Amino acid sequence: MIKYAIECRNLTKAFGAFTAVDSLNLRIRKDEIFGFIGPNGAGKTTAIRMICGVLSPSAGTALVDEIDVVKNPEEVKQKIGYMAQNFILYGDLTTYENLDFYGTIYGLSQSQRKQRIKEVLELVKLQDFENYLANELSGGMKNRLSLANALLHEPKILILDEPTAGIDPPLRRTFWQFFRELNAKGTTILVTTHYLDEAKHCDRLGLISNGNLIAEGSPTEIVRKVHNGDLVQVTVRESEQDLRNILVDIDEIKEILFFRDIEPRGCQTHFVVENADSDLPKIQKLLYSYSIDVLTAGKVSISMEDAFIKLMAEGS
Ligand SMILES: Nc1ncnc2c1ncn2[C@@H]1O[C@H](COP(=O)(O)OP(=O)(O)OP(=O)(O)O)[C@@H](O)[C@H]1O
Ligand SMILES: [Mg+2]
């Protein structure tokens, strides 16, 4: 059985002296939603365009459903539904005509096109707009039309470059529900987004910076990478020195980040443990045994945005 939907092997793109994608190695499993996250100019679109067979790599290659994109770009294009970042819709063609045009490019017969266009328009809820000119559609509707287009030939792999850019929150939610439904039915999805609240919808994420993959993992794993564990906050009545003397001897504590005094007396500390759920109760018990008066103790949740900014700063 083929395990990976997409595999990048030292995938590289140089534009003159500038390397936009630098030896990217990545495996995207069948059945997952994989998110590319990274700042503007990181190389996400360039990597995607190579994976889709529309831009040839300077070095390395990508396998899509085990087909080598350098050797067989046309075959790869048939496997993929690609919603490009700046997708070209023909403004003076209707919704239906745009889809019919792209359906022809995908090699669908007239009867297949008729059937599929009806289905995809219903999927993206544009069935009442099939006779509108693309120019008459709102921005969100244009995005939906681009998505419908990517779905025309029922691809098993969907590559979506900023599908939710510039669309309102309710429609973003609808899009993500829709991606999850497609995924549940067996479609692998590679998606890019700048909305970090969308990262939670992905099974795994790849953080891209300056053409390099600087972190990879589930959203929870990515957040844990910031401190290489769980971050914990403890506030006590005692002084920093009293608390520090005890904490330094506790094996469960991997790293103490800081102490700060609190009013009217006592101190607060942040430290890192492997697993807050199991380690924190042990640490609290130990502190009690030393007669330390613990006022608060709990895991500090780190937002994806903070994680992104910290990991990007470290990776650059
Ligand atoms: N055809 C090209 N010729 C020269 N440079 C290019 C070309 N295409 C992309 N680049 C450069 O490669 C870098 C990566 O661009 P890319 O579009 O892949 O970034 P991105 O991560 O998709 O950014 P964004 O989040 O803004 O979409 C940028 O510095 C860009 O200017
Ligand atoms: Mg891009």
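Up top is the structure these notes are about.
Residues numbered from 1 in each chain as written. Chains lettered and ligands numbered in written order. Predicted model: local features only at pLDDT ≥ 70, side-chain atom pairs only at ≥ 80, totals over all residues. Heavy atoms only, no water.

1. Considerations on the pattern of salt bridges
How we decide: Any carboxyl oxygen of Asp or Glu within 4 Å of a side-chain nitrogen of Lys or Arg constitutes a salt bridge here. What counts as a helix is a DSSP run of H or I of at least four residues, what counts as a strand is a run of E of at least two, and both are numbered from the N terminus.
This model, assessed by the stated rule, comprises 21 salt bridges. With its nearest N and O atoms 3.3 Å apart, the salt bridge here joins Glu7 to Arg27. Here Glu7 is found in strand 1 (residues 4-15), whereas its partner Arg27 is found in strand 2 (residues 18-29), with 20 residues between them in sequence. Through salt bridges with shared partners, a single network forms among Arg224, Asp230, Lys254, Glu274 and Lys299.

2. Things to note about the coordination of the magnesium ion (ligand 2)
Selection criterion: Only N, O and S atoms count as donors, using a 2.8 Å limit from the metal and a wider 3.2 Å limit for Na, K and Ca, and since water is excluded some coordination spheres may look unfilled. A 1.4 Å probe rolled over the protein chains alone gives each residue an accessible area, and that area as a share of the maximum for its type sets the label: buried under 20%, exposed over 50%, partly exposed in between.
Only Thr45 (OG1) and Gln85 (OE1) from the protein coordinate the magnesium ion (ligand 2), and they sit 1.9 to 2.2 Å from it. One end of the pair, Thr45, is in helix 1 (residues 44-51); the other, Gln85, is in the loop between strand 6 (80-83) and helix 3 (95-105), with 40 residues separating them in the sequence. On the basis of relative accessible area, Thr45 is assigned to the partly exposed category, the value being 23%. Among the residues examined, Gln85 registers a relative accessible area of 35% and is labelled partly exposed.

3. Re the side chain of Thr192
Going by this rule: Definition of a polar contact: a pair of N or O atoms within 3.5 Å, with one able to donate and the other able to accept a hydrogen when the atoms are protein atoms, and with sequence-neighbouring residues admitted only if both atoms are side-chain atoms. The contact definition used throughout considers only heavy atoms, calling two residues in contact when any of these lie within 4.5 Å.
Among the secondary structure elements, Thr192 is positioned in strand 8 (residues 188-192). Residue Thr192 is classed as buried on the basis of its relative accessible area of 0%. Side-chain polar atoms of Thr192 contact the backbone nitrogen of Glu162, separated by 2.8 Å. Not counting residues up to four positions away in its chain, the partners in contact with Thr192 are Phe36, Lys44, Ile48, Leu160, Asp161, Glu162 and Pro163.

4. So, unusual backbone geometry
Omega for the bond connecting Glu263 with Pro264 falls within 30 degrees of zero, at -5°, which places this linkage in the cis form. Note that Pro264 resides in the loop between strand 12 (253-261) and strand 13 (267-273). Of note, Ser23 is a non-glycine position whose phi angle comes to about 50°, a positive value. Within the secondary structure, Ser23 is located in strand 2. If you check the backbone angles, Asn210 has positive phi at about 50° while not being a glycine. With respect to the helices, strands and loops of the structure, Asn210 is situated in the loop between strand 9 (204-209) and strand 10 (212-217).

5. So, the layout of surface pockets
For clarity, the threshold we go by: The definitions used throughout rest on a 1 Å grid laid over the protein atoms alone, on which a cavity is an enclosed set of points accommodating a 1.4 Å probe that cannot get out and a pocket is an open set flanked by protein within 12 Å on both sides along at least five of seven lines; lining residues are those having an atom within 4 Å of a point. Grid points are joined across faces, edges and corners, and a volume is the space filled by probe spheres set on the points. All residues other than Ala, Val, Leu, Ile, Met, Phe, Trp, Tyr, Cys, Pro, Asp, Glu, Lys and Arg, Gly among them, are scored as polar; the first ten of these are nonpolar and the last four charged.
Volume-wise, the largest pocket comes out at about 570 Å³. Val54, Lys77, Tyr82, Tyr102 and Tyr106 are, among the 20 residues lining the largest pocket, the residues nearest its centre. Breaking the lining of the largest pocket down by element, the ones donating at least two residues are helix 1, helix 2 (73-79), strand 6 and helix 3. Ranked by the residues each element gives to the lining of the largest pocket, the list is headed by helix 2, at 3 residues. Of the residues in the lining of the largest pocket, the class split is 11 nonpolar, 5 polar and 4 charged. Size it by volume and the second largest pocket reaches roughly 190 Å³. Along the walls of the second largest pocket sit Pro169, Pro170, Arg172, Arg173, Trp176, Gln177, Asp197, Glu198, Lys200 and His201, which together make up its complete lining. Broken down by class, the residue content of the lining of the second largest pocket amounts to 3 nonpolar, 2 polar and 5 charged.

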